[in-house]
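# A closer look at the structure
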Amino acid sequence: MRIEINDLHYTYATGVEALRGVSFSVEPGERLAIVGQNGAGKTTLVKHLNGLLKPTQGSVMVGDWDTRQTATYRLAQRVGYVFQNPDEQLFCSSVGEEVAFGPRNLGFPAEKVEQLAQEAMALTEIAAYAESNSYDLSPSMRKLVALASVLAMDTPVVVLDEPTTGQDAVNIGRMAHIVNRLYEQGKTVITITHDIDFCAENLARLIAMGQGKMILDAPMHEAVAQEALLESTYVTPPQLTRLGKRLELSKSICTANEFLSALRGKQ
Amino acid sequence: MAIIELNDFSFQYTTGKQPALQHVSFSVEEGEFIAVIGPNGSGKSTLCYTISGFIPHFFKGETSGLVKVDGVETLSSNLAEMVLHAGLVFQNPFNQISGSKFTVYEEIAFGLENLGVPGSEMAGRIDDVMALTGIRELADRSPYALSGGQQQRVALASILVMQPRVIVLDEPTSQLDPIGTREVFQVVRSMTSKGITIIMAEHKVEHIAAFADRVIVLDEGKILRQGTVRETLTDPLLPECGVGVSRFTTVAQLAQKEALWPAGRALPVTLEEAADGFRETLRGSHAH
């Protein structure tokens, strides 16, 4: 499912101009990170992908559908969006119902709904809580429920808004595993995050937003080396990139393995 | 003199199946910056609520032991008294915003109105705190029409303005960009020079290493470790119980396995420490 965004502008009713001409495309199966300072327009941008917002000017194509001419409920077949705050998303009385709601709503047959819900709960490791009420769970668990309920819709594009916020190391590891799993399945993963270390380790392309515009769009290894551009939108390069640069090993280290092999190479 | 003292404190929420905190004892000196880390569900928020008096006066449950904050025995006190001594910045800023005010400025004034601070003094205090937290340009906006990161700054400002002796922050930077995160740590650190004591639950180890004095590690409601930043943040137990460590520590641990980290050298927490150690590795190999 190819995504094409062309000269996208969006102005909120309050007059705030959140997007001021954004253009890029995403090929099927890409793993894209969107970073940038608070208020840069990241969430406004991705809300256009599933039609929660429609362009003030410009266009967004999801496959052959123009979002301006496509009902939001139809776009849900193609783009799953996991909210930053799970409490804006969850409403069913049990976790199991919550996760099954999406695929049922998309019109999958009952058997398929059951299968998709089970797979999503297994992948997010929340199957043990299927009978619980989401609001009896901790905020970090509710985030996993929100994620499962979107994964269960089996959309070709999955958008994650700040998936690692407030999560401990175990859950961040779980998120990394899920991103890789979606990649293996050939799905497009678009992640908004402030966690640049997570980006460097798990995503392949980086777009940095600043004041409603795109200020950087590059493969991850090139992007992490753009220290000045990143800093201009309040992002610091990943920890290991900074370490590699400090030691004059390389400007584009993204993972611990890359760091260690660069270190060995200098020995 | 200790400004915070917990002695064998345990707490179980009325709805809880097991205690959220068990036999917790520690003390904090005036002006210290203590970071509280631990996996999700380890009791970090519960500890924040305890020190700020929300436990047991808002969140109900069974308590035992002693909690003393700024000379007040919190368990036998009440919230109206506690707010004079300790302020809490909530994890989710949405839970903190009063809902009764139309602008950010009024929201920040709300606490001072309740404390009966004279109007002549209020304006100056609000201006100072808005400058400190970088939200001056938001003064006339609705607290609800802000991004998550902006709301977190407003929540912080609304506590700072009340000038409590102890400020408790529950993951105050979770929705902030990296520079915003650093600014919050800097603002909070600057409070300690005025004798204000800081307790902050956080996951961001690199910033804790740079700004905090001591770390308390919680796991399953118990104190697993407490000590200096160095002792605690490089403890191999941390990853085992699901607590994040900095990438600098992780990569040095991996390097250690193949003798690429200087033998006998402490594991690094910060960029500088990691760079120093690896420089030694590189020098050593070239000396041979």
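Below, the structure is looked at part by part. (Residues numbered from 1 in each chain as written. Chains lettered and ligands numbered in written order. Predicted model: local features only at pLDDT ≥ 70, side-chain atom pairs only at ≥ 80, totals over all residues.)

### Notes on the environment of Gly96(A)
Residues and elements named next belong to chain A. What counts, and what does not: Put simply, DSSP H or I for four residues or longer makes a helix, DSSP E for two residues or longer makes a strand, and each gets a number counted from the N terminus. Here exposure depends only on C-beta density: within 10 Å of a residue's C-beta, 20 or more other C-beta atoms make it buried, 12 or fewer make it exposed, and intermediate numbers make it partly exposed, the C-beta atoms being placed from the backbone. Contact between residues is assigned whenever the C-beta positions, reconstructed from backbone atoms, fall within 7 Å.
Among the structural elements, glycine 96 can be located in helix H3 (residues 95–105). Accessibility expressed as a C-beta count within 10 Å gives 21 for glycine 96, which makes it buried. The spatial distance from the C-alpha of glycine 96 to the C-alpha of aspartate 66 is 33 Å, given a sequence separation of 30 residues. Sequence-distant contacts of glycine 96, defined by excluding residues within four places in its chain, comprise Ala117, Ala130 and Glu131.

### Quick notes on the pairing of strand E8 (residues 197–201) of chain B
Residues and elements named next belong to chain B. Quick reminder of the rule: In this analysis, strands are considered paired if DSSP registers two or more bridges between them. Looking down the strands as they point away from the viewer, one classifies a crossover as right-handed if the path from the first strand across the helix to the second runs clockwise.
With 5 of 5 residues buried, E8 lies mostly within the body of the structure. Side chains of E8 alternate between two faces, with Thr197, Ile199 and Ala201 and Ile198 and Met200 buried alike. Note that strand E3 (residues 33–37) and E8 share 4 bridges and pair parallel. Its bridge partner being in E8, phenylalanine 33 is matched across the sheet by isoleucine 198. As paired elements, strand E7 (residues 166–170) and E8 share 5 bridges and run parallel to each other. Paired with valine 166 across the bridge in E8 is threonine 197. For the segment spanning E7, helix H7 (residues 178–192) and E8, crossover handedness is right-handed.

### As for the sheet that holds strand E1 (residues 3–11) of chain A
Residue and element names in this part refer to chain A. On the basis of which strands lie adjacent, the open sheet formed by 4 strands has the order E2-E1-E4-E5 and antiparallel pairing. Strands at the two margins of the open sheet, each flanked by one partner only, are strand E2 (17–26) and strand E5 (65–66). Relative to E5, strand E4 (residues 57–62) runs antiparallel, the two sharing 2 bridges. Of the residues in E5, the one forming a bridge with valine 62 is tryptophan 65.

### What about helix H6 (residues 148–160) of chain B?
Rule in force here: Between the first and last residue of a helix there are one fewer steps than residues, each counted as 1.5 Å, and that sum is the expected span.
Compared with an ideal rise of 1.5 Å per residue, which puts 13 residues at 18 Å, H6(B) spans 19 Å between its outermost C-alpha atoms and is within 8% of the ideal. In terms of burial, H6(B) is a largely internal element, 13 of the 13 residues being buried.

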